[in-house]
Amino acid sequence: MPKFIYSLLSSHYYLFLVLILLFSACSQKQFEPTKSSAKNILLFSFESFAPSIKAAIDSNQKVITAVLPIGTDASKLTPTIVISEKATVAPASGVVQDFTKPVTYTITAEDGSSQSFVVQLSVAKSTAKIIKTFVFQSLNPNISADIDTLTHTIHASVPFSIALHSLTPTISVSENATISPASGTNQDFTKPVIYTVMAEDGSTQNYTVTLSKSKPTKEDFANWANQWQNSPPLQLSLQEVTQNETYWGDIKNGSIYLSKYQNGKEYVITHQKIPTSQISSIVEFNNAIWVATASGLLTITSQDTTLLHSKNTNIDFENTTSLEVFDNTLYCATKTTIYKLVQEKWQHVLNIPEENILGFTLYQNLIYVNTNQFLYKYDGVLQKFIKPVSSSLLTKTIKVNAKGVVWIGFWSGLIRFENNTFRTFSLSNVPSFPPNGLETFVIDTNDYIWMAWSKQGLVVFEEGKIIHHFLKSNSSLLSDNITNIKLKGGNMYIGFFNYVFGSNTNYGVAKITFN
(Lines give C-alpha, C1' and ligand atoms only; values in the text may rest on other atoms or scores of the structure.)
Protein backbone atom coordinates (compact mmCIF):
# COMPACT_ATOMS: atom_id res chain seq x y z
CA MET A 1 0.00 0.00 0.00
CA PRO A 2 1.32 3.28 -0.89
CA LYS A 3 2.64 5.18 1.99
CA PHE A 4 0.41 8.23 1.52
CA ILE A 5 -2.70 6.04 1.57
CA TYR A 6 -1.62 4.36 4.77
CA SER A 7 -0.98 7.72 6.31
CA LEU A 8 -4.45 8.93 5.30
CA LEU A 9 -6.16 5.88 6.75
CA SER A 10 -4.27 6.18 10.01
CA SER A 11 -5.32 9.80 10.48
CA HIS A 12 -8.99 8.95 9.79
CA TYR A 13 -8.80 6.12 12.31
CA TYR A 14 -7.54 8.37 15.03
CA LEU A 15 -10.18 10.95 14.23
CA PHE A 16 -12.88 8.30 14.41
CA LEU A 17 -11.54 7.08 17.69
CA VAL A 18 -11.60 10.58 19.15
CA LEU A 19 -15.20 11.07 17.99
CA ILE A 20 -16.23 7.80 19.60
CA LEU A 21 -14.61 8.79 22.89
CA LEU A 22 -16.23 12.21 22.85
CA PHE A 23 -19.66 10.73 22.15
CA SER A 24 -19.24 8.23 24.93
CA ALA A 25 -18.29 10.93 27.46
CA CYS A 26 -21.24 13.10 26.48
CA SER A 27 -23.64 10.19 26.71
CA GLN A 28 -22.36 9.29 30.18
CA LYS A 29 -22.92 12.85 31.43
CA GLN A 30 -26.33 13.08 29.86
CA PHE A 31 -27.64 9.91 31.52
CA GLU A 32 -26.07 10.30 35.04
CA PRO A 33 -29.09 10.55 37.71
CA THR A 34 -29.57 13.95 39.58
CA LYS A 35 -29.36 13.78 43.46
CA SER A 36 -32.44 14.96 45.50
CA SER A 37 -32.38 18.31 47.26
CA ALA A 38 -35.59 17.58 49.27
CA LYS A 39 -35.09 18.23 52.96
CA ASN A 40 -38.45 18.73 54.69
CA ILE A 41 -39.99 17.29 57.82
CA LEU A 42 -43.28 15.77 56.72
CA LEU A 43 -44.53 14.48 60.09
CA PHE A 44 -43.46 15.07 63.68
CA SER A 45 -45.51 13.08 66.14
CA PHE A 46 -45.53 11.52 69.59
CA GLU A 47 -47.01 8.06 69.40
CA SER A 48 -46.77 7.36 73.14
CA PHE A 49 -49.91 9.44 73.77
CA ALA A 50 -53.39 8.14 73.16
CA PRO A 51 -54.42 9.49 70.78
CA SER A 52 -51.05 10.33 69.27
CA ILE A 53 -50.04 13.97 69.10
CA LYS A 54 -49.14 15.35 65.67
CA ALA A 55 -47.18 18.59 65.81
CA ALA A 56 -47.93 21.55 63.54
CA ILE A 57 -45.15 22.11 60.96
CA ASP A 58 -44.56 25.60 59.58
CA SER A 59 -42.35 24.96 56.53
CA ASN A 60 -41.93 28.65 55.85
CA GLN A 61 -40.79 29.63 59.33
CA LYS A 62 -39.11 26.26 59.89
CA VAL A 63 -40.89 25.94 63.26
CA ILE A 64 -42.66 22.89 64.68
CA THR A 65 -45.07 23.34 67.58
CA ALA A 66 -47.36 21.18 69.73
CA VAL A 67 -49.27 21.48 73.00
CA LEU A 68 -48.85 18.51 75.31
CA PRO A 69 -51.51 17.31 77.76
CA ILE A 70 -51.67 18.81 81.27
CA GLY A 71 -49.05 17.33 83.54
CA THR A 72 -46.81 15.92 80.79
CA ASP A 73 -43.12 15.57 81.63
CA ALA A 74 -41.55 17.17 78.56
CA SER A 75 -37.99 16.32 79.59
CA LYS A 76 -38.13 12.77 78.23
CA LEU A 77 -40.15 12.42 75.04
CA THR A 78 -39.52 10.29 71.97
CA PRO A 79 -40.67 11.79 68.65
CA THR A 80 -41.48 9.90 65.47
CA ILE A 81 -40.20 11.89 62.47
CA VAL A 82 -41.03 11.40 58.78
CA ILE A 83 -38.78 13.33 56.39
CA SER A 84 -38.20 13.74 52.66
CA GLU A 85 -37.11 10.65 50.71
CA LYS A 86 -33.35 10.02 50.72
CA ALA A 87 -32.86 12.76 53.35
CA THR A 88 -31.52 12.22 56.85
CA VAL A 89 -32.38 13.95 60.13
CA ALA A 90 -30.35 14.67 63.23
CA PRO A 91 -31.17 14.03 66.00
CA ALA A 92 -32.72 10.89 64.56
CA SER A 93 -36.33 9.80 64.80
CA GLY A 94 -37.02 7.65 67.86
CA VAL A 95 -34.34 9.27 69.97
CA VAL A 96 -35.38 10.54 73.43
CA GLN A 97 -35.14 14.31 73.77
CA ASP A 98 -35.59 16.99 76.43
CA PHE A 99 -38.30 19.31 75.08
CA THR A 100 -38.46 21.60 78.10
CA LYS A 101 -36.54 23.98 75.84
CA PRO A 102 -36.46 24.38 72.01
CA VAL A 103 -34.72 21.54 70.11
CA THR A 104 -33.16 22.02 66.65
CA TYR A 105 -33.52 19.24 64.08
CA THR A 106 -31.32 19.37 60.93
CA ILE A 107 -32.45 17.61 57.72
CA THR A 108 -29.79 16.83 55.12
CA ALA A 109 -30.88 16.16 51.53
CA GLU A 110 -29.36 13.54 49.25
CA ASP A 111 -27.43 16.25 47.48
CA GLY A 112 -25.85 17.34 50.75
CA SER A 113 -27.85 20.52 51.24
CA SER A 114 -29.51 20.97 54.63
CA GLN A 115 -31.98 23.06 56.61
CA SER A 116 -32.96 23.21 60.27
CA PHE A 117 -36.34 23.11 62.05
CA VAL A 118 -36.83 24.32 65.62
CA VAL A 119 -39.23 22.23 67.69
CA GLN A 120 -41.03 24.19 70.44
CA LEU A 121 -43.36 22.24 72.72
CA SER A 122 -45.54 23.57 75.51
CA VAL A 123 -47.53 21.78 78.22
CA ALA A 124 -51.21 22.76 78.53
CA LYS A 125 -51.89 24.73 81.70
CA SER A 126 -54.37 23.28 84.16
CA THR A 127 -57.81 24.82 84.58
CA ALA A 128 -58.36 22.98 87.88
CA LYS A 129 -59.19 25.33 90.75
CA ILE A 130 -60.79 23.22 93.46
CA ILE A 131 -60.36 23.44 97.21
CA LYS A 132 -59.72 19.83 98.16
CA THR A 133 -59.42 20.08 101.94
CA PHE A 134 -60.05 22.82 104.49
CA VAL A 135 -58.90 21.76 107.94
CA PHE A 136 -58.42 23.47 111.31
CA GLN A 137 -55.46 21.49 112.55
CA SER A 138 -54.90 23.68 115.60
CA LEU A 139 -58.18 22.47 117.12
CA ASN A 140 -58.27 19.30 119.17
CA PRO A 141 -59.57 17.20 117.58
CA ASN A 142 -58.94 18.55 114.07
CA ILE A 143 -62.03 19.82 112.29
CA SER A 144 -62.41 19.28 108.54
CA ALA A 145 -64.89 21.55 106.80
CA ASP A 146 -67.53 20.27 104.37
CA ILE A 147 -66.78 21.43 100.81
CA ASP A 148 -69.51 21.80 98.18
CA THR A 149 -67.78 22.08 94.80
CA LEU A 150 -71.08 22.77 93.02
CA THR A 151 -72.12 25.80 95.07
CA HIS A 152 -68.51 26.66 95.94
CA THR A 153 -69.32 26.91 99.63
CA ILE A 154 -67.45 25.57 102.64
CA HIS A 155 -68.92 25.10 106.10
CA ALA A 156 -67.68 23.83 109.43
CA SER A 157 -69.20 23.68 112.88
CA VAL A 158 -66.80 24.29 115.76
CA PRO A 159 -67.31 23.93 119.51
CA PHE A 160 -69.11 26.88 121.07
CA SER A 161 -66.10 27.68 123.24
CA ILE A 162 -63.89 28.32 120.19
CA ALA A 163 -63.30 31.99 119.33
CA LEU A 164 -64.19 32.53 115.66
CA HIS A 165 -62.24 35.77 115.30
CA SER A 166 -58.84 34.05 115.20
CA LEU A 167 -58.56 30.70 113.43
CA THR A 168 -55.93 29.36 111.03
CA PRO A 169 -57.02 26.86 108.36
CA THR A 170 -54.76 24.47 106.46
CA ILE A 171 -55.94 24.30 102.85
CA SER A 172 -55.07 22.05 99.90
CA VAL A 173 -56.03 22.95 96.33
CA SER A 174 -55.73 21.56 92.80
CA GLU A 175 -52.21 20.85 91.53
CA ASN A 176 -50.42 23.98 90.29
CA ALA A 177 -53.24 26.20 91.64
CA THR A 178 -52.82 28.92 94.26
CA ILE A 179 -55.21 30.29 96.88
CA SER A 180 -55.72 33.67 98.52
CA PRO A 181 -55.76 34.18 101.47
CA ALA A 182 -53.02 31.58 101.65
CA SER A 183 -53.18 28.37 103.63
CA GLY A 184 -51.92 28.92 107.16
CA THR A 185 -53.11 32.53 107.30
CA ASN A 186 -55.00 33.56 110.44
CA GLN A 187 -58.56 34.73 109.71
CA ASP A 188 -61.61 36.26 111.40
CA PHE A 189 -64.49 33.85 110.79
CA THR A 190 -67.15 35.76 112.73
CA LYS A 191 -68.54 36.50 109.26
CA PRO A 192 -68.18 34.64 105.92
CA VAL A 193 -64.71 34.76 104.33
CA ILE A 194 -64.12 34.65 100.56
CA TYR A 195 -61.23 32.48 99.34
CA THR A 196 -60.09 32.78 95.69
CA VAL A 197 -58.44 29.81 93.96
CA MET A 198 -56.39 30.61 90.82
CA ALA A 199 -55.73 27.79 88.35
CA GLU A 200 -52.45 27.41 86.50
CA ASP A 201 -54.06 28.99 83.42
CA GLY A 202 -55.02 32.12 85.40
CA SER A 203 -58.75 31.41 85.71
CA THR A 204 -60.24 31.86 89.20
CA GLN A 205 -63.02 30.53 91.41
CA ASN A 206 -64.31 32.03 94.66
CA TYR A 207 -65.34 29.90 97.64
CA THR A 208 -67.38 31.27 100.55
CA VAL A 209 -66.34 29.86 103.92
CA THR A 210 -68.82 30.05 106.78
CA LEU A 211 -68.28 28.78 110.31
CA SER A 212 -70.96 28.15 112.88
CA LYS A 213 -70.80 27.12 116.49
CA SER A 214 -72.30 23.99 117.92
CA LYS A 215 -74.69 24.39 120.80
CA PRO A 216 -72.98 25.27 124.08
CA THR A 217 -72.61 22.42 126.52
CA LYS A 218 -73.27 22.39 130.24
CA GLU A 219 -69.52 22.79 130.69
CA ASP A 220 -69.63 25.99 128.63
CA PHE A 221 -72.34 27.44 130.84
CA ALA A 222 -70.42 26.48 133.95
CA ASN A 223 -67.32 28.22 132.57
CA TRP A 224 -69.30 31.40 131.90
CA ALA A 225 -70.51 31.65 135.48
CA ASN A 226 -67.61 33.85 136.60
CA GLN A 227 -67.16 35.74 133.31
CA TRP A 228 -69.94 38.29 133.87
CA GLN A 229 -68.58 41.85 133.80
CA ASN A 230 -70.59 44.22 136.00
CA SER A 231 -71.03 47.93 135.51
CA PRO A 232 -70.70 50.36 138.43
CA PRO A 233 -73.95 51.19 140.26
CA LEU A 234 -76.35 53.05 137.94
CA GLN A 235 -79.61 54.93 138.22
CA LEU A 236 -81.04 53.59 134.95
CA SER A 237 -82.96 50.37 134.49
CA LEU A 238 -81.66 48.79 131.27
CA GLN A 239 -83.91 48.85 128.19
CA GLU A 240 -81.55 49.05 125.19
CA VAL A 241 -77.88 48.59 124.23
CA THR A 242 -76.69 50.40 121.10
CA GLN A 243 -74.03 49.42 118.57
CA ASN A 244 -71.47 51.62 120.32
CA GLU A 245 -72.39 49.90 123.60
CA THR A 246 -74.30 52.77 125.15
CA TYR A 247 -76.83 51.64 127.75
CA TRP A 248 -80.24 53.32 127.60
CA GLY A 249 -82.94 53.05 130.23
CA ASP A 250 -85.36 54.85 132.46
CA ILE A 251 -84.91 56.11 136.01
CA LYS A 252 -87.77 55.18 138.27
CA ASN A 253 -87.32 57.64 141.12
CA GLY A 254 -90.65 59.31 141.72
CA SER A 255 -90.82 60.81 138.25
CA ILE A 256 -89.74 58.96 135.11
CA TYR A 257 -86.51 60.09 133.46
CA LEU A 258 -84.59 58.94 130.41
CA SER A 259 -80.95 58.10 131.01
CA LYS A 260 -77.91 56.70 129.20
CA TYR A 261 -74.59 55.26 130.31
CA GLN A 262 -71.74 55.93 127.90
CA ASN A 263 -67.96 55.79 128.19
CA GLY A 264 -68.09 55.25 131.94
CA LYS A 265 -70.51 58.10 132.69
CA GLU A 266 -74.26 58.23 133.21
CA TYR A 267 -76.30 61.08 131.76
CA VAL A 268 -79.90 62.01 132.50
CA ILE A 269 -81.51 63.20 129.26
CA THR A 270 -83.50 66.36 129.95
CA HIS A 271 -85.50 68.13 127.27
CA GLN A 272 -88.76 69.99 127.24
CA LYS A 273 -90.25 67.47 124.84
CA ILE A 274 -89.41 64.43 126.95
CA PRO A 275 -92.52 63.58 128.99
CA THR A 276 -92.03 62.48 132.55
CA SER A 277 -94.36 59.53 132.04
CA GLN A 278 -94.03 55.81 131.72
CA ILE A 279 -91.39 54.62 129.24
CA SER A 280 -92.51 51.34 127.76
CA SER A 281 -89.84 50.66 125.15
CA ILE A 282 -86.51 51.96 123.82
CA VAL A 283 -84.82 50.79 120.60
CA GLU A 284 -81.97 51.90 118.37
CA PHE A 285 -82.92 52.32 114.71
CA ASN A 286 -81.34 54.15 111.80
CA ASN A 287 -78.71 55.87 113.97
CA ALA A 288 -81.34 57.22 116.35
CA ILE A 289 -82.88 56.27 119.67
CA TRP A 290 -86.63 55.72 119.63
CA VAL A 291 -88.54 55.98 122.89
CA ALA A 292 -92.13 54.84 123.40
CA THR A 293 -93.89 56.58 126.30
CA ALA A 294 -97.39 56.98 127.61
CA SER A 295 -97.36 60.53 126.20
CA GLY A 296 -96.03 59.87 122.74
CA LEU A 297 -93.22 58.55 120.58
CA LEU A 298 -89.85 60.26 120.57
CA THR A 299 -86.71 60.06 118.51
CA ILE A 300 -83.32 61.20 119.75
CA THR A 301 -80.56 61.98 117.28
CA SER A 302 -77.36 63.28 118.82
CA GLN A 303 -78.46 66.11 121.12
CA ASP A 304 -81.76 66.76 119.33
CA THR A 305 -84.94 65.37 120.85
CA THR A 306 -88.24 65.58 118.97
CA LEU A 307 -91.72 64.45 119.91
CA LEU A 308 -93.16 62.53 116.97
CA HIS A 309 -96.85 62.53 116.10
CA SER A 310 -99.32 63.73 118.67
CA LYS A 311 -103.09 63.92 118.84
CA ASN A 312 -103.29 66.55 116.10
CA THR A 313 -102.07 64.00 113.52
CA ASN A 314 -104.01 61.18 111.92
CA ILE A 315 -102.12 58.72 114.14
CA ASP A 316 -102.35 58.80 117.90
CA PHE A 317 -99.06 57.60 119.36
CA GLU A 318 -100.04 58.15 122.96
CA ASN A 319 -99.81 55.03 125.05
CA THR A 320 -97.34 53.38 122.68
CA THR A 321 -96.76 49.94 124.13
CA SER A 322 -93.98 48.39 122.08
CA LEU A 323 -91.22 49.13 119.56
CA GLU A 324 -89.54 46.38 117.54
CA VAL A 325 -87.11 46.20 114.61
CA PHE A 326 -87.57 43.38 112.07
CA ASP A 327 -85.64 43.09 108.79
CA ASN A 328 -84.31 46.62 109.21
CA THR A 329 -87.81 48.06 109.52
CA LEU A 330 -89.13 49.82 112.64
CA TYR A 331 -92.53 48.70 113.95
CA CYS A 332 -94.59 50.42 116.62
CA ALA A 333 -97.62 49.21 118.55
CA THR A 334 -100.20 51.31 120.34
CA LYS A 335 -102.91 49.71 122.46
CA THR A 336 -104.88 48.57 119.40
CA THR A 337 -102.78 49.16 116.26
CA ILE A 338 -99.44 48.21 114.74
CA TYR A 339 -97.61 50.56 112.35
CA LYS A 340 -94.34 50.37 110.43
CA LEU A 341 -92.01 53.14 109.30
CA VAL A 342 -91.44 53.19 105.53
CA GLN A 343 -89.39 56.01 103.98
CA GLU A 344 -89.96 58.17 107.07
CA LYS A 345 -93.72 57.71 106.89
CA TRP A 346 -95.81 55.54 109.18
CA GLN A 347 -97.97 52.92 107.48
CA HIS A 348 -100.85 51.00 109.01
CA VAL A 349 -100.15 47.27 109.39
CA LEU A 350 -102.81 45.75 111.61
CA ASN A 351 -105.64 46.86 113.86
CA ILE A 352 -107.09 44.78 116.71
CA PRO A 353 -110.02 46.75 118.17
CA GLU A 354 -111.14 46.41 121.76
CA GLU A 355 -107.87 44.76 122.71
CA ASN A 356 -104.77 45.83 124.59
CA ILE A 357 -101.62 44.90 122.65
CA LEU A 358 -98.91 43.80 125.03
CA GLY A 359 -96.32 42.83 122.46
CA PHE A 360 -95.89 41.42 118.94
CA THR A 361 -93.39 39.61 116.75
CA LEU A 362 -92.90 38.81 113.06
CA TYR A 363 -91.85 35.56 111.44
CA GLN A 364 -91.59 35.36 107.66
CA ASN A 365 -95.00 36.57 106.42
CA LEU A 366 -96.73 36.08 109.78
CA ILE A 367 -97.49 38.55 112.56
CA TYR A 368 -98.18 37.26 116.07
CA VAL A 369 -99.79 39.64 118.56
CA ASN A 370 -99.87 39.09 122.31
CA THR A 371 -102.89 40.67 124.02
CA ASN A 372 -104.45 40.34 127.45
CA GLN A 373 -106.70 37.46 126.50
CA PHE A 374 -105.74 36.18 123.09
CA LEU A 375 -102.87 35.34 120.81
CA TYR A 376 -103.55 36.68 117.33
CA LYS A 377 -102.04 35.20 114.19
CA TYR A 378 -102.16 37.28 111.03
CA ASP A 379 -101.18 36.14 107.53
CA GLY A 380 -103.71 38.24 105.63
CA VAL A 381 -106.49 36.67 107.67
CA LEU A 382 -106.71 37.40 111.40
CA GLN A 383 -107.08 34.36 113.66
CA LYS A 384 -107.28 34.41 117.44
CA PHE A 385 -106.52 31.76 120.03
CA ILE A 386 -107.43 31.77 123.71
CA LYS A 387 -104.32 31.52 125.85
CA PRO A 388 -104.25 29.00 128.70
CA VAL A 389 -103.07 31.58 131.27
CA SER A 390 -104.91 34.37 133.08
CA SER A 391 -104.34 37.80 131.53
CA SER A 392 -103.15 39.19 134.86
CA LEU A 393 -100.15 36.83 134.79
CA LEU A 394 -98.91 37.64 131.26
CA THR A 395 -95.75 39.52 130.38
CA LYS A 396 -95.44 41.57 127.19
CA THR A 397 -92.67 39.38 125.76
CA ILE A 398 -93.42 37.27 122.70
CA LYS A 399 -90.68 35.69 120.54
CA VAL A 400 -90.36 33.24 117.65
CA ASN A 401 -87.46 30.80 117.39
CA ALA A 402 -85.68 29.71 114.21
CA LYS A 403 -88.18 26.89 113.68
CA GLY A 404 -91.18 29.21 113.79
CA VAL A 405 -92.31 28.18 117.27
CA VAL A 406 -93.92 31.03 119.22
CA TRP A 407 -93.02 31.59 122.89
CA ILE A 408 -94.92 33.86 125.30
CA GLY A 409 -93.88 34.76 128.82
CA PHE A 410 -96.08 34.71 131.90
CA TRP A 411 -95.45 35.24 135.60
CA SER A 412 -94.64 31.60 136.36
CA GLY A 413 -93.07 30.40 133.11
CA LEU A 414 -93.46 30.08 129.37
CA ILE A 415 -96.20 29.28 126.88
CA ARG A 416 -95.32 27.52 123.64
CA PHE A 417 -97.56 27.90 120.57
CA GLU A 418 -97.01 25.44 117.74
CA ASN A 419 -99.42 24.03 115.15
CA ASN A 420 -102.18 26.17 116.69
CA THR A 421 -101.73 24.41 120.03
CA PHE A 422 -100.57 25.81 123.39
CA ARG A 423 -98.39 24.18 126.01
CA THR A 424 -97.18 25.73 129.26
CA PHE A 425 -93.89 25.19 131.05
CA SER A 426 -93.60 25.99 134.74
CA LEU A 427 -92.59 24.48 138.05
CA SER A 428 -95.52 22.09 137.73
CA ASN A 429 -93.91 20.20 134.85
CA VAL A 430 -90.26 21.34 134.79
CA PRO A 431 -88.11 20.42 137.81
CA SER A 432 -86.11 23.31 139.32
CA PHE A 433 -88.16 25.93 137.47
CA PRO A 434 -88.49 29.17 139.51
CA PRO A 435 -91.96 29.42 141.06
CA ASN A 436 -92.73 32.93 139.82
CA GLY A 437 -91.31 36.31 138.83
CA LEU A 438 -90.51 36.03 135.09
CA GLU A 439 -89.76 39.50 133.71
CA THR A 440 -88.74 38.82 130.10
CA PHE A 441 -86.69 36.46 127.91
CA VAL A 442 -84.65 36.24 124.69
CA ILE A 443 -84.00 33.33 122.30
CA ASP A 444 -80.44 32.86 121.08
CA THR A 445 -79.25 31.40 117.76
CA ASN A 446 -79.21 27.90 119.29
CA ASP A 447 -82.86 28.24 120.34
CA TYR A 448 -81.91 28.38 124.01
CA ILE A 449 -84.29 30.61 125.96
CA TRP A 450 -82.62 32.97 128.45
CA MET A 451 -85.12 34.07 131.11
CA ALA A 452 -84.79 37.05 133.46
CA TRP A 453 -86.45 36.38 136.82
CA SER A 454 -87.14 38.76 139.64
CA LYS A 455 -85.36 37.37 142.74
CA GLN A 456 -84.57 34.13 140.87
CA GLY A 457 -81.60 35.07 138.69
CA LEU A 458 -81.02 34.09 135.07
CA VAL A 459 -82.31 30.75 133.78
CA VAL A 460 -81.32 29.07 130.52
CA PHE A 461 -84.07 26.80 129.22
CA GLU A 462 -84.33 24.29 126.43
CA GLU A 463 -87.75 22.83 125.89
CA GLY A 464 -88.52 20.53 128.77
CA LYS A 465 -85.44 21.15 130.91
CA ILE A 466 -83.28 23.73 132.65
CA ILE A 467 -79.80 23.92 131.08
CA HIS A 468 -78.24 26.32 133.60
CA HIS A 469 -79.28 28.64 136.40
CA PHE A 470 -77.09 31.70 137.03
CA LEU A 471 -77.42 33.07 140.55
CA LYS A 472 -75.49 35.54 142.64
CA SER A 473 -74.36 32.62 144.76
CA ASN A 474 -72.82 30.59 141.88
CA SER A 475 -71.56 33.28 139.51
CA SER A 476 -70.05 36.75 139.30
CA LEU A 477 -73.51 38.34 139.02
CA LEU A 478 -74.15 40.98 141.68
CA SER A 479 -77.87 40.33 142.02
CA ASP A 480 -80.62 37.77 141.53
CA ASN A 481 -83.10 40.54 140.61
CA ILE A 482 -82.88 40.48 136.80
CA THR A 483 -85.04 43.05 134.99
CA ASN A 484 -84.11 42.75 131.33
CA ILE A 485 -81.96 40.88 128.77
CA LYS A 486 -80.48 42.13 125.50
CA LEU A 487 -78.64 39.89 123.04
CA LYS A 488 -76.45 41.90 120.67
CA GLY A 489 -74.18 39.95 118.34
CA GLY A 490 -71.83 37.87 120.44
CA ASN A 491 -72.63 39.74 123.67
CA MET A 492 -75.41 39.37 126.22
CA TYR A 493 -76.39 42.18 128.58
CA ILE A 494 -78.66 41.83 131.59
CA GLY A 495 -80.14 44.60 133.68
CA PHE A 496 -80.42 44.04 137.41
CA PHE A 497 -81.10 45.89 140.66
CA ASN A 498 -80.27 45.58 144.33
CA TYR A 499 -82.28 46.86 147.24
CA VAL A 500 -80.13 49.06 149.43
CA PHE A 501 -81.47 49.59 152.94
CA GLY A 502 -82.04 53.24 153.74
CA SER A 503 -81.30 54.53 150.24
CA ASN A 504 -82.47 54.34 146.64
CA THR A 505 -82.32 51.10 144.69
CA ASN A 506 -79.07 50.49 142.85
CA TYR A 507 -79.29 49.33 139.25
CA GLY A 508 -76.59 47.88 137.05
CA VAL A 509 -75.75 45.98 133.87
CA ALA A 510 -73.81 42.73 133.56
CA LYS A 511 -72.21 41.71 130.27
CA ILE A 512 -70.81 38.47 128.95
CA THR A 513 -69.05 37.84 125.60
CA PHE A 514 -69.59 34.53 123.84
CA ASN A 515 -67.25 34.92 120.83
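Look up a bit, the structure's there.
Calculation notes
- Residues numbered from 1 in each chain as written.
- Predicted model: local features only at pLDDT ≥ 70, side-chain atom pairs only at ≥ 80, totals over all residues.
- Heavy atoms only, no water.
- Buried < 20%, exposed > 50% of the residue type's maximum accessible area, 1.4 Å probe, protein only.
- Helix = DSSP H or I, 4+ residues; strand = E, 2+ residues; numbered from the N terminus.
- Pairing = 2+ DSSP bridges.
- Core = buried A, V, L, I, M, F, W, Y, C linked by side-chain atoms within 4.5 Å.
- Contact = heavy atoms within 4.5 Å.
- Salt bridge = Lys/Arg side-chain N within 4 Å of Asp/Glu carboxyl O.
- Axes fitted to C-alpha atoms, helices over the stretch in contact; angles between N-to-C directions.
- Phe/Tyr/Trp six-rings, centres within 6.5 Å; stacked < 30°, edge-to-face > 60°.
- Lys NZ or Arg CZ within 6 Å of the ring centre and 35° of its normal.
- Polar contact = N/O pair within 3.5 Å; in protein donor to acceptor, adjacent residues only side chain to side chain.

Chemist: Give a description of the pairing of strand β24 (residues 296-301) that names residues and reports values.
Modeler: Within β24, five of the six residues are buried, which leaves it mostly tucked inside the rest of the structure. As paired elements, strand β23 (residues 288-293) and β24 share five bridges and run antiparallel to each other. Counted as the bridge partner of Val291 is Leu298 from β24. Connecting β23 to the next strand, β24, in antiparallel fashion are two residues.

Chemist: Outline the nonpolar core, listing residues and values.
Modeler: Ranked by internal contacts, the top residues of the largest apolar core, which has 23 residues, are Ile131, Phe134, Phe136, Leu167, Phe189, Tyr195 and Leu211. Residue assignment for this core shows that the elements contributing at least two residues are β9 (131-136), β12 (153-158), β13 (170-173), β15 (193-198) and β16 (204-213). Setting aside chain neighbours within four positions, we find Phe136 in contact with Asn142, Ile143, Ala156, Leu167, Thr168, Pro169, Phe189 and Leu211.

Chemist: Go over unusual backbone geometry, please, and point to the residues and values.
Modeler: Here Ala90 and Pro91 are connected by a cis peptide whose omega angle stands at 0°. As for its position among the elements, Pro91 is in the loop between β6 (88-90) and β7 (103-108). Residue Pro181 is reached from Ser180 by a cis peptide bond, and omega for that bond is -5°. Relative to the assigned elements, Pro181 resides in the loop between β14 (178-180) and β15. Even without being a glycine, His152 presents a positive backbone phi close to 55°. In this model, Asn176 sits at a positive phi of 70°, which is unusual for a non-glycine residue. Of note, Asn176 is situated in the loop between β13 and β14. Asn176 gets classed as partly exposed once you look at its relative accessible area, which sits at 46%.

Chemist: Help me get a handle on the pattern of salt bridges, residues and values and all.
Modeler: Counting across every chain of the model gives eight salt bridges. A salt bridge links Lys511 to Glu245, with the nearest nitrogen and oxygen atoms 2.8 Å apart. Of this pair, Lys511 sits in strand β44 (residues 506-513) while Glu245 is found in the loop between β18 (237-241) and β19 (247-253), placing the two residues 266 residues apart along the sequence. The class of Lys511 is buried, set by a relative accessible area of 16%. On the basis of relative accessible area, Glu245 is assigned to the partly exposed category, the value being 32%.

Chemist: Provide a residue-level description of the side chain of Ser126, including the pertinent values.
Modeler: For Ser126, the location among the structural elements is in the loop between β8 (114-123) and β9. Residue Ser126 is classed as buried on the basis of its relative accessible area of 7%. If sequence neighbours within four positions are ignored, Ser126 has contacts with Ile70, Glu175, Ala199, Glu200 and Asp201.

Chemist: Got a sec to walk through the sheet that holds strand β1 (residues 41-46)? Specific residues and values, please.
Modeler: The strand order across the open sheet built from three strands is β2-β1-β5, with neighbouring strands paired in antiparallel fashion. The strands lining the two open edges of the sheet, one partner per strand, are β2 (53-54) and β5 (80-83). Note: β1 against β5, four bridges, orientation antiparallel. Counterpart to Ile41 in the pairing with β5 is Ile83.

Chemist: Summarise the sheet that holds β12; cite the residues concerned and give the values.
Modeler: In any sheet, the strands associate via hydrogen bonds between backbone groups, in a parallel or an antiparallel arrangement. Within the open sheet, the five strands sit side by side as β11-β12-β16-β15-β14. Their pairing is mixed. What marks the edges here is a single partner per strand, and that holds for β11 (146-148) and β14. Neighbour-to-neighbour, the strand axes of the sheet open up by a mean angle of 25°, direction not taken into account. Of the pairings in the sheet, the one linking β12 to β16 comprises six bridges and is parallel in character.

Chemist: Tell me about the packing of aromatic side chains, and name the residues and values.
Modeler: The final tally for this structure, using the stated rule, is 33 aromatic pairs. Here a set of aromatic residues connected by ring pairs shows up, and it is made of Phe160, Phe221, Trp224, Trp228, Tyr448, Trp450, Phe470 and Phe514. Over the face of the ring belonging to Phe160 we find Lys213, whose NZ or CZ atom lies 5.0 Å from the ring centre. Directly above the aromatic system of Phe374 lies the positively charged group of Lys384, at a separation of 4.4 Å from the ring centroid.

Chemist: I'd like a description of the pairing of strand β39 (residues 449-453), backed by residues and values.
Modeler: Most of β39 sits out of view: five of its five residues are buried. Side-chain alternation along β39 places Ile449, Met451 and Trp453 on one buried face and Trp450 and Ala452 on a second face that is also buried. Bridge count between strand β38 (residues 438-443) and β39: five bridges; the pairing is antiparallel. If you follow Val442 over to β39, its bridge partner there is Trp450.

Chemist: Break down the environment of Leu258 for me, citing the residues and quoting the values.
Modeler: Structurally, the position occupied by Leu258 is in strand β20 (residues 255-262). Judged by relative accessible area, which is 2%, Leu258 ranks as buried. Taking the C-alpha atoms as reference points, Leu258 and Ile279, 21 residues apart in sequence, are found 8.1 Å from one another.

Chemist: If you had to explain the environment of Asn401 to someone new, which residues and values would you point to?
Modeler: Note on placement: Asn401 falls in the loop between β34 (394-400) and β35 (406-410). Separated by 47 residues in sequence, Asn401 and Tyr448 have C-alpha atoms that sit 9.0 Å apart. Apart from the residues lying within four places of it in its own chain, the contact partners of Asn401 are Tyr363, Trp407, Ile443 and Asp447. Within the structure, Asn401 has its side chain in polar contact with the backbone nitrogen of Lys403 (distance 2.9 Å). Of note is the side chain of Asn401, whose polar atom sits 2.9 Å from the backbone nitrogen of Val405.

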